[in-house]
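If you want the building blocks of each chain, they are given just below.
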Amino acid sequence: MPRSPRPRRTPTVHTATLADLIGAELLKPGEELVSALPAWPARASLNADGSVNYDGQSYATPSAAAQMVREGRATNGWSCGACNATASWCA
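What counts and how
Residues numbered from 1 in each chain as written. Predicted model: local features only at pLDDT ≥ 70, side-chain atom pairs only at ≥ 80, totals over all residues. Heavy atoms only, no water. Helix = DSSP H or I, 4+ residues; strand = E, 2+ residues; numbered from the N terminus. Buried < 20%, exposed > 50% of the residue type's maximum accessible area, 1.4 Å probe, protein only. Contact = heavy atoms within 4.5 Å. Areas by Shrake-Rupley, 256 points an atom, 1.4 Å probe, with all protein chains shown as cover. Lys, Arg positive; Asp, Glu negative; His and termini not counted. Charge placed at Lys NZ, Arg CZ, Asp CG, Glu CD. Pairing = 2+ DSSP bridges. Axes fitted to C-alpha atoms, helices over the stretch in contact; angles between N-to-C directions.

### Regarding the overall build of the protein
A tally of regular secondary structure across the protein gives 2 helices and 5 strands. Principal-axis analysis of the C-alpha atoms places the extent of the protein at approximately 60 × 30 × 20 Å. Across the 91 residues that make up the protein, the buried fraction comes to 29%. Contacts in the protein between residues far apart in sequence, at least 24 positions, make up 37% of those at least 6 positions apart. Roughly 6600 Å² of accessible area belongs to the protein as shown, and the carbon and sulfur atoms make up 53% of that amount. Looking at the protein, you have 8 positive and 7 negative side-chain charges, and the mean spots of the two groups are 21 Å apart.

Written as structure tokens, this is what we have:
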């Protein structure tokens with residue numbers, strides 16, 4: 001008996017930014033961000049505008065900073081870090 005086709009899944013789109021999390025007082029400027037990737041240890045800090053400061057450079061998104069941590073490899077920055085002073089901000 002032939003299988004019925006799987007229904008297509010709608011991609012999940014997240015629109016929150018680090019600036020949104022700061023505005024909601026879930027994160028604070030200056031908080032330390034820590035890599036959750038054992039192979040790529042790194043520390044960064046959160047700027048007041050929601051950008052991430054890593055290795056003396058400011059990056060507009062957590063993914064841009066994570067890409068630098070991983071030596072240029074595209075990386076989902078939302079899934080590879082946590083705030084040191086608060087609960088994890090990513091899965």
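### What to know about the sheet that holds strand S3 (residues 52-54)
As a general point, the strands of a sheet are linked pairwise by backbone hydrogen bonds and lie either parallel or antiparallel. One open sheet holds the 5 strands; their spatial order is S4-S3-S2-S1-S5, and the pairing between them is antiparallel. The sheet terminates laterally at strand S4 (57-59) and strand S5 (81-83), the two strands that pair on one side only. If you compare each strand with its neighbour and ignore which way they point, the axes differ by 35° on average. Direction of pairing for strand S1 (residues 32-35) relative to S5: antiparallel, over a ladder of 3 bridges. Within S5, the residue paired with Val34 across the bridge is Ala82. Here helix H2 (residues 62-69) sits on the sheet in contact with S3 and S4, set at roughly 15° to S3.

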